[in-house]
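Chain residues, written in single-letter form:
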Amino acid sequence: MTTPGVDDAVAEKPQKEPVSERRLHPITPLRRAWAPVAVVIGWAVHDPDQAQRQLTRLTTTTLLIALAVVVPAAALYGFLTWWFTHFAVTDTELRIRTGLLFRRTAHIRLERIQAIDVTQPLLARVAGVAKLRLDVVGTDKKDELAFLGEDEARALRAELLARAAGFAPETAHEVGEAPARELLRTPPRDLALSLVLTGATWGALVAALVVPPLLWWATHSLWTVLATAVPLLGAAGASSVGRFVSEYDWTVGESPDGLRIDHGLLDRTHETVPPGRVQTVRIVEPLLWRRRGWVRVELDVAGSSNSVLVPVAPREAAEAVVARVLPGVTVPPLSALSRPPRRARRCVPLWWRGHGLAVTDAVFASRQGLLRRSLALVPHAKVQSVRVTQGPWERLWRVADVHVDTGANKTVTARLRDAQEAAELLGAQAERSRTGRKGARPDRWMV
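1. Overview of the pairing of strand S5 (residues 129-136)
Counting buried positions along S5 gives seven out of eight residues, so the element sits mostly inside the fold. Strand direction decides the pairing type here: S5 and strand S6 (residues 143-149), joined by six bridges, are antiparallel. Bridge pairing in S6 links Leu132 to Leu145.

Encoded structure:
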């Protein structure tokens, strides 16, 4: 028995097309195949004496048999993990299904995606592949798709951003990558010179050269010297050579989906600063950079690990980029920053001069530091809470600290303000934050 009208409605209801799942690039098994080899290496490093004894017992025949077993096993493991990994893009989410023995399916809702970065390690660049790394609201660890063909990775990124922006599924894949206009490029010479003029580089290098000889003179223990020297040399290399390799050819471009950042000498990375998700901008000015007028711009982005906007640039160029990431914000000049009252020197005898505060219609700006100046800009719309703290010694001298908490779980502090001024700031900033959120730009892509 049929009900009139019901069968017709069912017949007229459009049927959803089945979700098409895709696999990663065929080169991916080579990446997965290293897992069994890494286990063996990890065991050898954990117990080198036992590993050496086992290795001396091996004959040539036994070693060849072991290789004949391990190599195919590693290849099979890599192939199976690749074979059982799929991903699909639906109308509302990106679905990633992984797992050989224990299956895991990640459902990433498109509207919760904060950033999609395309990264290419050196060997991946040679092979013509790339990985997608996704920043998602509410997760500390990035989900990733590794590896995809370079063109496929860029096309998938553009499709995901288009769908997150509200484009129809049938047209999202036709939108393509949004065009970008270059705003700033850091010359390699300026980057290298800025690292030479950074105190952290020289501090790590001096420690690596001075501490090991002192330890040898005191202990005459080679292992103690090596255990200390290797981390110190690593820190010196990371603060100089490592940063140069990572920040080489730093380029900032503007596009409808946010500010794009491309950088890297060996491993090439293409990042995106999500629109409307920047919580704090910091303009850092080391002592030895001031003569050249250079600054560094750092970010706090909610739900993203992107932390550097400009590694080194003239102040005027850096402030122009800040104006693009924080529309309508003008960086307050040093003359506009009010210092703490002179009695604050009783709490911090010398460094009180390095603190300053300016509150404009758009931002809460706080400066700290004498040798390494840092000016933090917090848009009023991004302030989550405001607090005033006052210790016993500060209470004696009638000063207090004003703390502004942001959505990136970070805090910007205006130190040593007059107690009456701090109390007024507490109420005024709460009102500015409330009104600022009403006129804040949306956090959606391509809006």
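2. Re helix H7 (residues 150-164)
When the terminal C-alpha atoms of H7 are compared, their 21 Å separation across 15 residues agrees well with the 21 Å that a helix rising 1.5 Å per residue should span. Burial in H7 covers these residues: Ala153, Leu156, Arg157, Ala158, Glu159, Leu160, Leu161, Ala162, Arg163 and Ala164.

3. Observations regarding the side chain of His263
Relative to the elements of secondary structure, His263 occurs in strand S9 (residues 258-263). There is a polar contact of 2.7 Å between the side chain of His263 and the backbone oxygen of Ser246.

4. Quick look at the sheet that holds strand S19 (residues 411-418)
Taken together, three strands build an open sheet; the order of strands is S17-S18-S19 and the sheet is antiparallel. Looking along the sheet, the strands with just one partner apiece sit at the ends: strand S17 (383-389) and S19. Between one strand and the next, the sheet's axes are offset by a mean angle of 20°, whatever the strand orientation. The sheet contact formed by strand S18 (residues 399-406) and S19 spans six bridges and is antiparallel. Its bridge partner lying in S19, Val404 is registered against Val412. Set on the sheet, helix H14 (residues 419-438) makes contact with S17, S18 and S19; between it and S17 the angle comes to about 175°.

5. Observations regarding the pattern of salt bridges
Taken as a whole, this structure holds 23 salt bridges when the rule is applied. The salt bridge partner of Glu254 is Arg181, with a shortest N-O separation of 2.9 Å. Of this pair, Glu254 sits in strand S8 (residues 251-255) while Arg181 sits in strand S7 (residues 181-185); the two residues are 73 residues apart in sequence, bridging distant segments of the chain. We classify Glu254 as buried; its relative accessible area is 19%. One salt bridge connects Glu247 with Arg243, and the closest N-O pair in it is separated by 3.7 Å. Of this pair, Glu247 and Arg243 both sit in helix H11 (residues 222-247), separated by four residues, roughly a single helical turn. One network of salt bridges, in which partners are shared, links Glu182, Arg185, Asp249 and Arg268.

6. Remarks on the sheet that holds strand S2 (residues 93-98)
Within a sheet, adjacent strands bond to each other through the backbone by hydrogen bonds, running parallel or antiparallel. Read from one edge of the open sheet, three strands run S1-S2-S3, paired in antiparallel fashion. Each edge of the open sheet is held by one strand with a lone partner, namely strand S1 (86-89) and strand S3 (104-109). Shown here is a sheet whose adjacent strand axes are inclined to one another by a mean of 10°, direction ignored. Strands S1 and S2 of the sheet are contacted by H7, whose axis makes an angle of about 40° with S1.

7. Quick look at unusual backbone geometry
A cis amide bond links Ala146 to the next residue, Phe147, at an omega of 5°. Mapped onto the secondary structure, Phe147 falls in strand S6. Of note in the backbone geometry, Asp249 takes a positive phi value of approximately 55° without being a glycine. Along the chain, the position of Asp249 falls in the loop between H11 and S8. With a phi angle near 55°, Arg398 is a residue other than glycine that sits in the positive phi range.

What counts, and at which threshold
Residues numbered from 1 in each chain as written. Predicted model: local features only at pLDDT ≥ 70, side-chain atom pairs only at ≥ 80, totals over all residues. Heavy atoms only, no water. Buried < 20%, exposed > 50% of the residue type's maximum accessible area, 1.4 Å probe, protein only. Helix = DSSP H or I, 4+ residues; strand = E, 2+ residues; numbered from the N terminus. Pairing = 2+ DSSP bridges. Expected span 1.5 Å × (residues − 1). Polar contact = N/O pair within 3.5 Å; in protein donor to acceptor, adjacent residues only side chain to side chain. Axes fitted to C-alpha atoms, helices over the stretch in contact; angles between N-to-C directions. Contact = heavy atoms within 4.5 Å. Salt bridge = Lys/Arg side-chain N within 4 Å of Asp/Glu carboxyl O.

Honestly, it's all geometry; don't read function into it.
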